[in-house]
Amino acid sequence: LAPHFVLEVRRFLEERFGLRGVPGASLGTVRHVFTHRDLRLKIYPVEITGGRLRADGYPAHRWIRAGEAGRYPLSALTEKVCERLTGPVPGRRTR
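Keep in mind the model is a prediction, meaning the values are calculated, not measured.

A look at the overall build of the protein chain
Reasoning step 1: Along the protein chain, the regular secondary structure elements total two helices and four strands.
Reasoning step 2: In the protein chain, the succession of helices and strands from N to C terminus is α-β-β-β-β-α.
Reasoning step 3: Each principal axis of the C-alpha atoms in the protein chain carries an extent, and together these give about 35 × 30 × 25 Å.
Reasoning step 4: For the protein chain, buried positions account for 21% of its 95 residues.
Reasoning step 5: A sequence separation of at least 24 residues applies to 45% of the contacts in the protein chain between residues at least 6 apart.
Reasoning step 6: Carbon together with sulfur atoms contributes 55% to the accessible area of the protein chain, which is approximately 7,100 Å² in total.

The structure is reproduced here in structure tokens:
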């Protein structure tokens, strides 16, 4: 990964979420089509190495295991990202 990209990810994690982490190699791209836009997200896993989660603006937040994602309402885009990170979301249809 490009050094400037790693620094940007680290800064974003620290400023937005209070976490320290290191991004890994790209896991590929997820495509999602809205009625008016074609969105493509490049997915990178991040190893969290420290800090304490601070999710400003989200008073009800918590960590869950990847296998628990099917228990929660997820947008189609979020499901696609989860599938790219961990495989099919249990309890959901495969995309």
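Considering the layout of surface pockets
Reasoning step 1: Size it by volume and the largest pocket reaches roughly 1,500 Å³.
Reasoning step 2: Every residue lining the largest pocket is counted, 33 residues in all, and those nearest its centre are Trp-63, Thr-78, Val-81, Cys-82 and Leu-85.
Reasoning step 3: Elements that contribute at least two residues to the lining of the largest pocket include exactly helix 1 (3–17), strand 3 (38–43), strand 4 (46–51) and helix 2 (76–86).

Quick notes on helix 2
Reasoning step 1: Looking at helix 2, one finds that the buried residues are Leu-77, Glu-79, Lys-80, Val-81 and Glu-83.
Reasoning step 2: Each element contacted by the buried residues of helix 2 is listed here: strand 2 (28–33) and strand 3.

Quick word on the environment of Gly-24
Reasoning step 1: Within the secondary structure, Gly-24 sits in the loop between strand 1 (19–23) and strand 2.
Reasoning step 2: Taking the C-alpha atoms as reference points, Gly-24 and Val-6, separated by 18 residues in sequence, lie 9.0 Å from one another.
Reasoning step 3: Not counting chain neighbours up to four residues away, the residues in contact with Gly-24 comprise Leu-1, Tyr-44 and Pro-45.

Re the pattern of salt bridges
Reasoning step 1: Under the defined criterion, the tally for this structure stands at three salt bridges.
Reasoning step 2: With a shortest N-O distance of 3.0 Å, Asp-38 and Arg-31 are connected by a salt bridge.
Reasoning step 3: Owing to a relative accessible area of 46%, Arg-31 belongs among the partly exposed residues under this scheme.
Reasoning step 4: When the shortest N-O distance is used, the salt bridge between Arg-40 and Asp-38 registers 3.2 Å.
Reasoning step 5: On the accessibility criterion, Arg-40 (52% relative accessible area) is exposed.
Reasoning step 6: For Asp-38, a relative accessible area of 38% corresponds to the partly exposed category.

Rules and cut-offs
Residues numbered from 1 in each chain as written. Predicted model: local features only at pLDDT ≥ 70, side-chain atom pairs only at ≥ 80, totals over all residues. Heavy atoms only, no water. Helix = DSSP H or I, 4+ residues; strand = E, 2+ residues; numbered from the N terminus. Buried < 20%, exposed > 50% of the residue type's maximum accessible area, 1.4 Å probe, protein only. Contact = heavy atoms within 4.5 Å. Areas by Shrake-Rupley, 256 points an atom, 1.4 Å probe, with all protein chains shown as cover. 1 Å grid on protein atoms, 1.4 Å probe; cavity = no way out; pocket = protein on both sides within 12 Å on 5 of 7 lines; lining within 4 Å. Points joined across faces, edges and corners; volume = space filled by probe spheres on them. Salt bridge = Lys/Arg side-chain N within 4 Å of Asp/Glu carboxyl O.

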